[in-house]
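Chain by chain, the residues run as shown.
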Amino acid sequence: MKKIGVFICWCGSNIADVVSVDKVLAVISKHPGVAHCEYYKYFCSEPGQRLVEDAIKNKSLDAIVIAACSPSMHEATFRKAAERAGLNRYQCEITNIREQCSWVHRMKKGEATQKAIDLISGTIEKLKLNESLQPITTPVTKRALVIGGGITGMQAALDIANAGVEVVLLERAPSVGGHMSQLAETFPTLDCSQCILTPRTVEIAQHPKIKLITYAELEELSGYLGNYTAKIRKKAAYIDRVKCTGCGLCIEKCPKKIPSEFDLGSGQRKAVYILYPQAVPNKPVIDPENCMYLLEKKCGICQKVCEVKAVDYEQKDEIIEEKVGCVVVATGYDLYPVKDIAEYGNGRIKDVIDGLQFERLNSASGPTSGAIVRPSNGDVPKDVVFIQCTRSRDPEKGVSYCPGICCMYTGKHAMLYKRKVPDGQAYVFYMDIRAPGKDYEEFIQRGIEEERTLYIRGRVARLYEENGKVIVCGIDTLTGKIIEIKADLVVLATAMLPRATAKDLAKKLNISTDEYGFYREAHVKLKPVQSNTMGIFLAGCCQGPKDIPYSVSQAGSAASKVLALFGSDKLSSEPIVATVDESLCAACGVCVANCPYNAREIDEKRKVAVVKEMLCQGCGACVAVCPNKACQLKNMTTEQVMSIMKELE
Amino acid sequence: MESILDIVNKKADTRVERCYQCGKCASSCPMIKFFDVPPYKIIRLITIGAKDSALSASAIWLCTSCYACMTRCPNDINITKVMDALKEINLQEKAACHEKDILIFHKIFLGEIARLGRINEFRFVGKFKIKALKLFQDLALGLKMFKKGKFVFKAEKINGISGLRKLIR
């Protein structure tokens, strides 16, 4: 029989004040199989750990129980101590007599002592049946998949690739750049968004370690940490993007014009198009919903004019597979649609636009070449009203959170407007100014002092059109004065939302979302870029609204996690996993259906259920549901559970 | 003692403390020109426990219960009901009321409904003028209405008045 040592920790007075450690020591010392028992004030301290090590060596113990705080506190500490003394780490078990005993039974000292004795006895009985286990190891595919080619995804891809690791960068749109490529200037320095973005997009395109796949979406992700297989759907572009030289002749000759998504309706594009002039890759795609040839077999001009014969109307969607070790998700955000805001005109008032539309108006490469004009008639607006907190901080009708960037970009918009229209007036309706970044508060103040942006504290009740103007009905709550402005243009700082497709992708990746639909991090403070699935990392606005500096730093953070993971050739994980007694298994598949981690499958050839050990988290769900009792959890077998229960009777 | 905040919350079945002073109630309000204290400040007075100031505001009597504020409130505060609650507390505690005429108007209106089940203009206006001591105001308008047959002297009850009275009670 195993020689077992038991160590009862006082935890200062945390345990000893409630539980009578003398009595526990006396009772446990006599428990069958206990070869050594002692107590100490702090076993987690260095001298405490040395006591444990010495006892293991001197009394040649086979296994030890530490009765102390929660295993989440010090299980690793004592398992390391046991290893130093020559034991297998799984021959060390923790009994929690602090959180689950002394802290919750402060008023019932006698019963707490008995509970401590029972809990320790149970652990001793379980420990007698513990196996010595080795960590499970698996080789790693040192290749990362980054989903989303906005500023966050590009930054993450570059950071990983610059460390010499291969990256597959996946982008849904025909070109990379994301929302940042739509912006005119960026706060707080007002540098041109395109100018700071293009060096990145070019670097992405030319990087030998980056495989850029645009106009494509993730279809399915299978496998586990270190060994994922991504199925990717490459949408039919109807243009051979290898042959295409990007000369642009097809775009020039295409007769069909439609509102451009990139310009958010304010500009037009052709049915064969590139997103924007500096796009990477700078090769067009044909939009099958608007191309007259693909719809009605009429036209076909683009094919006739293409000198390299790159236009291929027969092209189909293509599914490709990429093997990767981990994934960085950087899919970004959507904006709350103006058409859903009834009191601001449901999107029917032409001169009421959202922040991104204003960016396009303001952008040198936008539909107006950077001239700020009224969408209704093209005049220069003289009174522009900016409304912050539109449907954000609005638990009743919108979202209750504060996106945290609208104060800054509205301040920027007002400032840029004043520079282009010096005799115009910018009004900002705000609730609170939230500008806690570096140089942010100074930026807002500059707008107030130098550009004379008029900040009005209050919310606008409604907007309506009258005589070609937009009437803004608001209030200045600081004076109580009702404010009515006859505006030429109204810009709404609408709430940032998770992508409409975020939930679908979450299902494919097996990660969870928060109450709003943003991807949930493993720990809000300590694991902000890890998802709850191992090997899937989050960066940028898909995890919650944030500005460019924060997104970029999160991208770097996610990249460092990827590189840390790829630092060793093999990954190891806890060996506390499910096992299958194949002689009992009937391959009924109940375990497969009940496994929350996709760790179970049926081996169709041998007709037995198998465990994918790298995915198994040792939760025991399959053990509970197996009708034949063929599933067992290592070091927590049914026999072990029953032996614990017996002691608790 | 229960705070004014708790009392109003209970009476109006709402949570006044959720207000973050955005002012959308005031900018929505059709009566705001006549209010001495805008709705969001009434809400604030309740939150900080300034009971007397809240109860003595004319605004609580001037509110026409159009519900525009409540419809637009981002925090789902039932401001109209809050105004009603304050009126109720004002009466219970016999607090200062600077809009006596409106109070008289409400009382006569409800009294007439309880008696007849409908409003007879002549009776109603007459009673109000006598109570409010405003006998000669709007005399010209009154004559005009009389000529057009808007004033009917015979006051008729509705059918089933006893049922209505039960409801009111």
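Each remark here, short or long, concerns the structure printed above.
Since this is a predicted model, take the numbers as computed values, not measurements.

1. Side note on the pairing of strand E3 (residues 63-68) of chain A
Residues and elements named next belong to chain A. By the criterion of burial, E3 is predominantly enclosed, with 6 of the 6 residues buried. Residues Ala63, Val65 and Ala67 of E3 are buried on one face, and the alternating residues Ile64, Ile66 and Ala68, pointing to the opposite face, are buried as well. Sheet topology note: the strand E1 (residues 4-9)/E3 ladder contains 5 bridges and is parallel. Along E3, the bridge assignment pairs Ile8 with Ala67. Relative to strand E4 (residues 92-96), E3 is paired through 5 bridges, and the arrangement is parallel. By the bridge assignment for E4, Ile66 is matched with Ile94. Each parallel crossover has a hand, and for E3 linked through helix H3 (residues 71-84) to E4 it is right-handed.

2. Some words on the side chain of Ser27 of chain B
Mapped onto the elements of the fold, Ser27 of chain B is located in helix H2 (residues 24-28). Only 3.0 Å separates the side chain of Ser27 of chain B from the backbone oxygen of Arg459 of chain A, close enough to count as a polar contact. Setting aside its immediate chain neighbours within four residues, Ser27 of chain B contacts Arg459, Val460, Ala461, Cys473, Gly474, Ile475 and Ile482 of chain A.

3. Overview of helix H15 (residues 548-565) of chain A
All names here are of chain A. With 18 residues, H15 should reach 26 Å at 1.5 Å per residue; the first-to-last C-alpha distance of 26 Å fits that figure. Buried residues of H15: Ser551, Gln554, Ala555, Ala558, Ala559, Val562 and Leu565, and no others. All buried residues of H15 fall inside an arc of 145° around its axis, so they share one side. The inward-facing, buried residues of H15 abut strand E6 (143-147), helix H6 (151-161), strand E18 (326-329), strand E29 (536-538) and strand E30 (570-573). Near the N-terminus of H15, the side chain that reaches the backbone nitrogen of Tyr550, with its oxygen 3.1 Å away, is that of Asp547.

4. Quick word on the side chain of Lys412 of chain A
Positionally, Lys412 of chain A belongs in helix H12 (residues 406-420). Apart from residues no more than four positions distant in its own chain, Lys412 of chain A is found in contact with Glu185, Thr186, Phe187, Leu190, Glu359 and Phe443 of chain A.

5. Let's talk about the nonpolar core
All names here are of chain A. With 86 residues, the main nonpolar core has Ile160 and Val328 as its most contacted residues. With residues up to four places along the chain from it excluded, the contact list for Ile160 reads Ala144, Val146, Val165, Val167, Val328, Ala559, Val562 and Leu563. Formed by 39 residues, the second largest nonpolar core is a distinct cluster that contains Phe43, Ile56, Ala68 and Ile117.

6. A closer look at the environment of Asp317 of chain A
All names here are of chain A. Structurally, the position occupied by Asp317 is in the loop between helix H10 (301-305) and strand E17 (318-324). By relative accessible area, which is 40% here, Asp317 ends up partly exposed. Measuring from C-alpha to C-alpha, the distance between Asp317 and Ala216 comes to 9.2 Å, with 101 residues separating the pair along the chain. Apart from the residues lying within four places of it in its own chain, the contact partners of Asp317 are Arg233, Lys234, Lys235 and Ala236. Within the structure, the side chain of Asp317 is placed 3.1 Å from the side chain of Arg233, a separation counted as a polar contact. There is a polar contact of 2.9 Å between the side chain of Asp317 and the backbone nitrogen of Ala236.

7. Description of H3 of chain A
Residues and elements named next belong to chain A. Helix length check: H3, at 14 residues, gives a terminal C-alpha distance of 19 Å against a target of 20 Å (1.5 Å per residue), a fit within 8%. Listed as buried for H3 are Phe78, Arg79, Ala81 and Ala82. Seen end-on, H3 carries its buried residues on one side only, within an arc spanning 155°. Taken together, the buried residues of H3 touch helix H2 (46-58), E3 and E4. Just downstream of H3, Gly86 is the residue with a positive phi angle, here 95°.

Procedures and definitions
Residues numbered from 1 in each chain as written. Chains lettered and ligands numbered in written order. Predicted model: local features only at pLDDT ≥ 70, side-chain atom pairs only at ≥ 80, totals over all residues. Heavy atoms only, no water. Buried < 20%, exposed > 50% of the residue type's maximum accessible area, 1.4 Å probe, protein only. Helix = DSSP H or I, 4+ residues; strand = E, 2+ residues; numbered from the N terminus. Pairing = 2+ DSSP bridges. Right-handed = clockwise from strand over helix to strand, strands pointing away. Polar contact = N/O pair within 3.5 Å; in protein donor to acceptor, adjacent residues only side chain to side chain. Contact = heavy atoms within 4.5 Å. Expected span 1.5 Å × (residues − 1). Arc of directions from axis to C-beta. Core = buried A, V, L, I, M, F, W, Y, C linked by side-chain atoms within 4.5 Å.

Functional significance is not addressed by these values, which are geometric in nature.
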